[in-house]
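# Report on the structure
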Amino acid sequence: MNILDARDLGAGDRLETSVCVIGSGIAGVTVASRLADAGLDVLVLESGDAAPDPETQALYDVDSTGYPQRENFMSRARYLGGSCNLWAGRSMRLTPDDLERHATANAGWPVAFAEIERHYAEAGRVLGLPGANSFNFTADSPALSPAEATLLRGGLAPTVSVWAPKPKRVGGRRPTWLRTRPRARLVLNANAVGFETDDGDRRAVRTVRVRTLDGTEFGIGARAFVLACGGIENARLLMVPNGTDAEGLGNRFDQAGRYFMDHPRAIFGTVRLREGVRLPLLGGRPVRDGKIQIGLGFDERTRREEGVLNHYVTLEATRSDYVAQGYDSAVHTAKVLLRRGYAGKRTLPGRARLGRVDDLMYLLTPKELLPHWAYRGLVSVRDRLRRGGGSRDRTVVYFCEQPPDPESRVLLSREPDRLGLPRVELRWRIGDEVIESLKRLQTVLANRLSSTELGTLTPGEGDPRFTDASHHIGTTRMSDSEQYGVVDADCRVHGTENLFVAGSSVFPSAGHANPTLTIVGLSLRLAEHLAARTS
């Protein structure tokens, strides 16, 4: 296979290609694969190697000065395959409402929802998801139980999450996408540290400078460059000054790094169901070619009339303290042994802590942790037990939309990392409207359970304690004008001719949905554009 190790190259060397893709996660690999299939020579740069390494992973360490992120958790993986090595597999679609509600005269999605929706079917095939009809649930869907159909009225509507039998992975020592595409090359242990541009009103990038951890530096020349390193690193690389742009690229109006969004999550309150009430899809169900779960969110009319955010809840089986202790021990031990979510020093059992165990039990549930065959067996056993009664208690888990906020942002620290680049300061802000919408959804759900006599909801106390979802969104947002964003509708960096960005950092708003499906869809769209432009 065409795999190079940057440590074998000499200082001052230069490689040439048609398109250089920086990052080997799902966004970068999707773009690279489609361009290679179109007959273009593609070179993919990966900072890490085929397996995690603590020194390389430390380049992703951030100084968190805003709302705290999960402590000691590796939310981004810096090795071949990128962060889809850690992805649990949940896929969701954005809705037209997700794109439209935060649009203003200055900002919003410069592409229509139909243009995004056009790529969802193919994106689903890339990820190995169940058929497209898996997303087509309404309150009248025959697959719903009578109790679920009754509950989905009075201001509530279903959200739909689907999983493939196995989460998509694009890493490994012999990645399939590379093995089957002779026009694609991969360079490991290659850290992009800056861009060299020519002069002009719309600069063209001529070279990306690459540096290894031992200090060797060389260059990559290409006709087009795609930055696909995730929401934090994309912003950092654009913000780093180069010889002709003190503010970096695409940042003439101080927009790079702003509007950082995630999907704040919280365990908040409990539900006691009436005897005999069954909510199978709300708890998640296996299907032949994957898994499906329904959530409960505001319907569109309620969102627009009340101005609430597009939050949703899932109702997860409540675990006893005894189960929690066993879960805590088993999951952390598995992460240590399987190197899932940690690297290097993070594999020390004493450091492998994520805080409260409910952050794991109710945010990473069996449908996301177990192999498909094991989950199907678990659900079969659970169904038999529930015919004899079963637990009536459910824990309420909130998945929250975060609206765009220019002061929620990525900044450059004064402290350098090992490559000599500025470290990242992450100033994540969660506004009061997130909490207000959560409590409003809690009230609507409580009233609906009570009025239908399906159960009762005991609210959480005080304000919720949020955790992040590792969804890094919005820091290089799309916009028609560079005054209000970083890339245009084709994901080209404003003010440049040939530098593009892939990934959820280009989303102008986060909506309610896990971003991976939309990331792949937009990457397919970008590859279409680049193939036509570069061929």
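Our subject in this report is the structure included herewith. Because the structure is a prediction, the values reported are computed rather than measured.

Ranked by internal contacts, the top residues of the largest apolar core, which has 143 residues, are Ile-22, Leu-45, Val-208, Ile-220, Val-226 and Leu-445. Residue contributions to this core peak at eight residues, all from helix H16 (residues 516-534). Once residues within four sequence positions are removed from consideration, Ile-22 is found in contact with Leu-45, Ala-192, Phe-195, Val-208, Val-226, Leu-227, Ala-228 and Cys-229.

With that out of the way, let us pick up the pairing of strand S6 (residues 156-163). Burial analysis of S6 places seven of its eight residues in the buried class, the great majority of the element. Strand direction decides the pairing type here: S6 and strand S14 (residues 290-298), joined by eight bridges, are antiparallel. In the sheet register, Val-160 faces S14, and the bridge partner there is Ile-294.

Attention now moves to the pattern of salt bridges. Evaluated as defined, the whole model comprises 36 salt bridges. With a shortest N-O distance of 2.6 Å, Asp-63 and Arg-423 are connected by a salt bridge. Of this pair, Asp-63 sits in strand S5 (residues 62-64) while Arg-423 sits in strand S18 (residues 422-427), and the two are 360 residues apart along the sequence. When its relative accessible area of 27% is taken as the criterion, Asp-63 is described as partly exposed. Exposure remark for Arg-423: the relative accessible area of 22% places this residue in the partly exposed category.

Moving on to helix H5 (residues 120-127). Within H5, burial applies to Tyr-120, Ala-123, Gly-124, Val-126 and Leu-127. Taken down its axis, H5 places every buried residue within 155 degrees of arc, on the same side. Tucked into the core, H5 has its buried residues touching helix H1 (26-37), helix H4 (113-117) and H16. One or two positions beyond H5, positive phi appears at Gly-128, with a value near 75 degrees.

With mixed pairing, four strands are arranged side by side in an open sheet as S2-S10-S9-S8. Edge positions in the sheet fall to strand S2 (14-16) and strand S8 (191-197), since each of these pairs with one other strand and no more. Strand after strand, the sheet turns through a mean of 25 degrees between neighbouring axes, direction not considered. Judged from the five bridges that link them, strand S9 (residues 205-211) and strand S10 (residues 217-221) form a sheet pairing that is antiparallel. Each bridged residue has a counterpart across the sheet, and for Val-210 the counterpart in S10 is Phe-218.

The geometry of H5 relative to H16 is characterised by a closest axis approach of 8 Å and an angle of 110 degrees between their N-to-C directions. The angle between the axes of H5 and H16 places the two elements in the roughly perpendicular class. Of the two possible hands of crossing, H5 and H16 adopt the one that is right-handed. Here Tyr-120, Glu-122, Ala-123, Gly-124, Val-126 and Leu-127 of H5 lie close against H16, whose contacting residues are Thr-516, Leu-517, Thr-518, Val-520, Gly-521 and Leu-524.

Turning next to the pairing of strand S17 (residues 409-416). Pairing geometry for S17 and S18, over five bridges, is antiparallel. The residue bridging Pro-416 from the neighbouring strand is Pro-422, located in S18. Here S17 folds back onto S18 in antiparallel fashion, the turn holding five residues, of which Gly-420 has a positive phi close to 90 degrees.

Right, let's talk about the state of the cysteines for a bit. Per the counting criterion, the structure on display carries zero disulfides. There is no disulfide at Cys-20, and the cysteine sulfur nearest it, in Cys-229, is 9.7 Å away.

Reading the values: the criteria
Residues numbered from 1 in each chain as written. Predicted model: local features only at pLDDT ≥ 70, side-chain atom pairs only at ≥ 80, totals over all residues. Heavy atoms only, no water. Core = buried A, V, L, I, M, F, W, Y, C linked by side-chain atoms within 4.5 Å. Buried < 20%, exposed > 50% of the residue type's maximum accessible area, 1.4 Å probe, protein only. Helix = DSSP H or I, 4+ residues; strand = E, 2+ residues; numbered from the N terminus. Contact = heavy atoms within 4.5 Å. Pairing = 2+ DSSP bridges. Salt bridge = Lys/Arg side-chain N within 4 Å of Asp/Glu carboxyl O. Arc of directions from axis to C-beta. Axes fitted to C-alpha atoms, helices over the stretch in contact; angles between N-to-C directions. Parallel < 35°, antiparallel > 145°, perpendicular 65-115°, else oblique. Left-handed = near helix turned anticlockwise from the far one by under 90°. Disulfide = S-S within 2.5 Å.

Any functional reading would require information that these geometric values do not contain.
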